[in-house]
Amino acid sequence: MLARPHQGQGRRLPPPSLLRTLPTYSAVVTLAAAIVFIGVAGTGERVPLDDWQYLLFVALIVAGELLPVDVPRGGGRDRVTVSSAFAFAVLLLFGTLPAMVACALASLAADVPARLSPAKVAFNAAQYALAVAAAGAALKWTGQDLPVESLGTALVASLAGAGVFFVVNHLLVSPAAALLTGTSLWRQVSSGLPFKVATAGVVLTLAPVIVACALTSVWLVPLCLLPVLAVYVGARQTVRDLHRAMYDGLTELPNRVLLREHIERALEDASDSGHRAALMVLDLNDFKAVNDTMGYAYGDRLLQAVSARLASALDPGDVLARLGADEFAVLSAPVHDGRYARALAERLGDAMCESFELEEIVLDVRASIGVALYPDDATTADMLLRKADVALHSAKDSQQPVELYAVAQDHYTVDRLLLAAQLRRGLENGEIVVEYQPKYPLRGGRPTGVEALARWQHPELGRIGPDGFIPLAEQSGLINRLTDVVMGEALGQVAEWRRQGVDLRVGVNLSPRTLLDANLPQRIAATLAAAGIEAGCLQLEITESRSVPSGPVADAVIERLRVLGVGLAIDDFGTGFSSLVQLQRLPVDEIKIDRSFVANMDRNTSDATIVRSTIELAHNLGLTVTAEGVETESARRQLAEMGCELAQGYGLCRPVSAEGCAEAVRRFAPAQATPGQ
Ligand code: C2E
Ligand code: CA
Ligand code: CA
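Residues numbered from 1 in each chain as written. Chains lettered and ligands numbered in written order. Predicted model: local features only at pLDDT ≥ 70, side-chain atom pairs only at ≥ 80, totals over all residues. Heavy atoms only, no water.

Draft legend 1. View of the coordination of the calcium ion (ligand 3). Looking at the calcium ion (ligand 3), one finds its protein donor set to be Asp571 (OD), Asp572 (OD), Glu628 (OE) and Glu628 (OE), positioned 2.0 to 2.6 Å from the metal centre. Within one chain, the residues donating to the calcium ion (ligand 3) are spaced in sequence as D-D-x55-E. In this structure, the calcium ion (ligand 3) lies 4.0 Å from the calcium ion (ligand 2), and both are coordinated by Asp571. In this pair, Asp572 sits in strand S15 (residues 567–573) while Glu628 sits in the loop between strand S17 (624–627) and helix H24 (633–642), placing the two residues 56 residues apart along the sequence. (Donors = N, O, S within 2.8 Å, 3.2 Å for Na, K, Ca; no water. Helix = DSSP H or I, 4+ residues; strand = E, 2+ residues; numbered from the N terminus.)

Draft legend 2. Seen up close, the domain arrangement of the protein chain. For the protein chain, the domain assignment lists domain 1 (3–246), domain 2 (256–409) and domain 3 (414–670). Centre-to-centre separation of domain 1 and domain 3, based on C-alpha positions: 73 Å. (Domains from an automatic or database assignment.)

Draft legend 3. Region of the structure containing the coordination of the calcium ion (ligand 2). With distances of 2.1 to 2.2 Å, the protein atoms coordinating the calcium ion (ligand 2) are Glu451 (OE), Asn509 (OD1), Glu541 (OE) and Asp571 (OD). We classify Glu451 as buried; its relative accessible area is 5%. Looking at Glu541, the relative accessible area reads 0%, which means it is buried. (Buried < 20%, exposed > 50% of the residue type's maximum accessible area, 1.4 Å probe, protein only.)

Draft legend 4. Broad picture of the site of ligand 1. Surveying the vicinity of ligand 1 reveals 22 residues, the closest of which are Arg455, Asp571, Arg595, Glu631 and Tyr650. Within the side chain of Arg455, one N or O atom sits 2.8 Å away from an oxygen atom of ligand 1. A distance of 2.7 Å is found between an oxygen atom of ligand 1 and a backbone nitrogen or oxygen belonging to Tyr650. A total of 800 Å² of accessible area belongs to ligand 1 in isolation, and the protein chains cover 86% of it. Sort the elements by how many residues they give to the shell around ligand 1 and strand S11 (residues 449–458) lands first, with four residues. (Near = heavy atom within 4 Å. Polar contact = N/O pair within 3.5 Å; in protein donor to acceptor, adjacent residues only side chain to side chain. Areas by Shrake-Rupley, 256 points an atom, 1.4 Å probe, with all protein chains shown as cover.)

Draft legend 5. Summary view of the environment of Phe37. On the secondary structure map, Phe37 appears in helix H1 (residues 16–42). Placed 434 residues apart in sequence, Phe37 and Pro471 show a C-alpha to C-alpha distance of 74 Å.

Draft legend 6. Representation of the confidence of the model for the protein chain within the structure. When pLDDT is averaged across the protein chain, the result is 86; 92% of the residues are at 70 or more. For the protein chain, per-element mean pLDDT is lowest for strand S1 (residues 69–73), which scores 64, and highest for strand S18 (residues 646–647), which scores 98. Between residues 1–19, whose pLDDT stays under 50, and residues either more than four places distant or in other chains, the model counts 33 contacts. Contacts for the low-pLDDT stretch residues 671–677, under 50 throughout, to residues beyond four places or in other chains number 19 contacts. (pLDDT = per-residue confidence, 0-100. Contact = heavy atoms within 4.5 Å.)

Draft legend 7. Focus on the packing of aromatic side chains. Taken as a whole, this structure holds eight aromatic pairs when the rule is applied. Residues Tyr54 and Phe94 carry aromatic rings whose centres are separated by 5.4 Å and whose planes lie at 70° to one another, so their mutual orientation is edge-to-face. With a gap of 40 residues between them, Tyr54 in helix H2 (residues 52–66) and Phe94 in helix H3 (residues 83–94) connect regions that are remote in the sequence. On the accessibility criterion, Tyr54 (0% relative accessible area) is buried. With a relative accessible area of 16%, Phe94 lands in the buried category. Joined through ring pairs, the aromatic side chains of Tyr54, Phe57 and Phe94 make up one cluster. The cationic tip of Arg309 hangs over the ring face of Phe356; the distance from NZ or CZ to the ring centre is 4.0 Å. The aromatic ring of Tyr650 is capped on one face by Arg654, whose charged end is 3.9 Å from the ring centroid. (Phe/Tyr/Trp six-rings, centres within 6.5 Å; stacked < 30°, edge-to-face > 60°. Lys NZ or Arg CZ within 6 Å of the ring centre and 35° of its normal.)

Draft legend 8. Representation of helix H8 (residues 193–204) in the model. Here H8 spans 16 Å end to end across twelve residues, near enough to the 16 Å set by a 1.5 Å rise per residue. Along H8, the residues that are buried comprise Lys196, Ala200, Val203 and Leu204. Each buried residue of H8 sits inside an arc of 90° when the element is viewed along its axis, so together they form one side. Along H8, exposed side chains directed more than 90 degrees from the buried face belong to Pro194 and Val202. (Expected span 1.5 Å × (residues − 1). Arc of directions from axis to C-beta.)

Draft legend 9. Up close: the packing of H8 against helix H9 (residues 206–216). The N-to-C vectors of H8 and H9 enclose an angle of 5°; their axes lie 4 Å apart at closest approach. When the interaxial angle is binned, H8 and H9 end up roughly parallel. Across the interface between the two elements, Val202, Val203 and Leu204 of H8 pack against Leu206, Ala207 and Pro208 of H9. Partitioning the contact of H8 with H9 into residue classes produces six nonpolar, no polar and no charged. (Axes fitted to C-alpha atoms, helices over the stretch in contact; angles between N-to-C directions. Parallel < 35°, antiparallel > 145°, perpendicular 65-115°, else oblique. Nonpolar A, V, L, I, M, F, W, Y, C, P; charged D, E, K, R; others polar.)

Here it is as C-alpha cells:
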C-alpha cells in the first residue's frame, strides 16, 4: 500500500500569508459595519423592536434566509435567497438602522445553526448590514428621505439603491471568496456576473412591490410571500431537474456533463495560478462478467460500493464522477507533477484491492486507470478527457493498473480508428478471406469437419490474423457483419465441396456478443437456404474465454438456433471461469479443449489430468470432444487413448485455403489411418 501523500506535499495550496489575511479581512469588514452602525445610530435613527410590523418583516427576512435555493453553476453552486427583497423593503419602510439590524439578525439566524465559524458568521452579518447601509446612503444621496411616504416618487431612487445594494454586497463577498479558494480577485468578481445580476435584479425589484403592499395595508405583505413561494418552489424544482441532468442517479456522483464543467473551472484556476491538474479515468476490469453472472441489480450495488470506496480514497477537493457503466473519473487539482498524479491513481487502485462483500458474496474487483495532465497533455477539458481515455486503453492493453498518457499511445489509438474504418471497407470489398483447418477423427479415417478461420487480406499491411482484427471488429460494432461474411463464405464453400464430392461439416466462430443480435438465427437460416445446406452441417463455436451474455435476448437467440438444428460447440474449453455453467446453459453437442492444456499434456501431468477428466465429463454428458492444438504425435496418441473423438492442430494440418483443405481431405481413402502413423 502506498503512503498517502499528505496535504500540501504535492498540492500547492494558497501561500500561508494569504490564508492569514482572510480572518483579517473578515475582522476589517465587521469593524467597518460596527462603525457604520454607530455612525447611523448617531443620526438619531432607532430600531423599532417594539413595532410588530417591523418584527413581521424581520421574520420574513429570516424565512428567506432559511429557504435558500442552491443553483448548480460552473461546477459549483450559487446560493440564491429571496431575503434581500424583504431586507430592501425594510430599508425603504423603516430606514437604514432598522434594515442593518434586520439583515444582521437574519444572517445570524441562518449561520449560527449551520455552525459556521465565528469569523464567517460575523463576516456574513457585517457584509449584509453594510450592503443595506450603502443602499440607504445612496437613497439619501439621491434626495430620497427614509422611510418613504409613497412609492411614486421613490421608485427610481429605490431602483438605484437596489443597484448599490447589489454592487456593495458583491464587492464585499468577492475578496473573501478569492482568499478562501486561492483564486484571483478578478476571477471572483467577474465569475458568473450576468447570472448574479439577473437573479439579484429579479429579487430586488420585488422590494417596491412589497413596499407598495405595505403602504396600502400591512396585511397585504404576507401575500407577497406567495409569489416568493412560487419562485421558491419553481426554483427548487428547476434545481432538482438540473440535479438530475448533472448527477448520476445510481451513485449520486457528478456525471460527464458536470465533470466537464468542473474540469473547465479547474483548468481556468490552474492557468491563473500556474498549477497542474490531473484527470484520471478508471474502468473496472471484467465488470460485464459480474452483470452477466450476478444480474444487473447486483452490478448496480457493486457500482455503488465501488463509488463509495473511491470517494474514501480521495483528498478533499478532488472531484469523483461517473462517466458511464463501469467508468469513473477523478479530477485532482492542483497537483505537483506526474509522479504525484501516479501516486494518487495508484492509491485509487489500491483502494479497490480489498475484496467487496455484497450479499454474502466476496468479489475481487480490479480497475485500470488512465491519467492525463494539464497543461502537459492537453489544455482543454475535452482533450484532457480524451487523453485520459487513451491512457486508460493503453493500461488495459498492457494490463497495467495505471498508465500516464504518452504521445506514443495516441498514435496507437489513431491507428486503431483508422484501422476500424479500413475494416469496414474491407468487409465490403471482400478483403476477408477464410481458411479452413480440418478436424481429424482420432479413430482414423478422413476428416468430416473443418473449422473456418477468418483472415484479413489488407491491401497495404498484408495478411492480418484474427487476433489483429476480431477485437477491433467487436469494439467498432462490425462483428455481426464479419460473422455474416465468414458464415456466407463458409457455407458457400461447403456447397462447393459437396459439388466436388467432398462432404464436410463446417465450424464457424461466434463472438459471444453476437448472441445479443436477435436477427442472427434468421440470417443464418437464410444463408443456409441460399447455399442449399442443411442446418446440421453447420456448427457454431462459442468461445468461453469471454463471458457469454445472459438475459432474454441471448436466451431467445440460443433457443432459436437450437430449434433451427445447427450444432453448438464450446470453444477454448477450460479457459473461462464458468465452463460448467456454460455447459448447463447452452445446448451444446461438442466441446473443444483449449490448446493450452493439450500443448503441454505430454510434459505436464496435471494438464493431462485436466484433459482426461474433461473428456470423461463430456462423454458422461453425451458430448463429442475435439482437442485443439495437437502438434505432436505423442499428444495425438495420448488423446486417442483417452477416447477423444477429434483432433485439430498444426501436427495434423495447418489452416489452409479451401482448395488446400479439399486436397488434405481427399488424401484419405475413407478407411485410411490419420497422418503421423
Ligand atoms: P480458435 O477458435 O481457438 O481457433 C483456433 C486457432 O488455433 C487458430 O488460430 C488456429 O490457427 C490455431 N491453431 C490450430 N492448430 C494449432 C496448433 O497446433 N498450435 C497452435 N499454436 N495454434 C493452432 P487463428 O486462426 O489465429 O484464430 C485465432 C482465433 O481467432 C480463433 O481461435 C477464434 O477464436 C478467432 N477467430 C477466427 N476466425 C474467426 C471468425 O470468423 N469470427 C470470430 N468471432 N472469431 C474468429
Ligand atoms: Ca474456434
Ligand atoms: Ca479454440
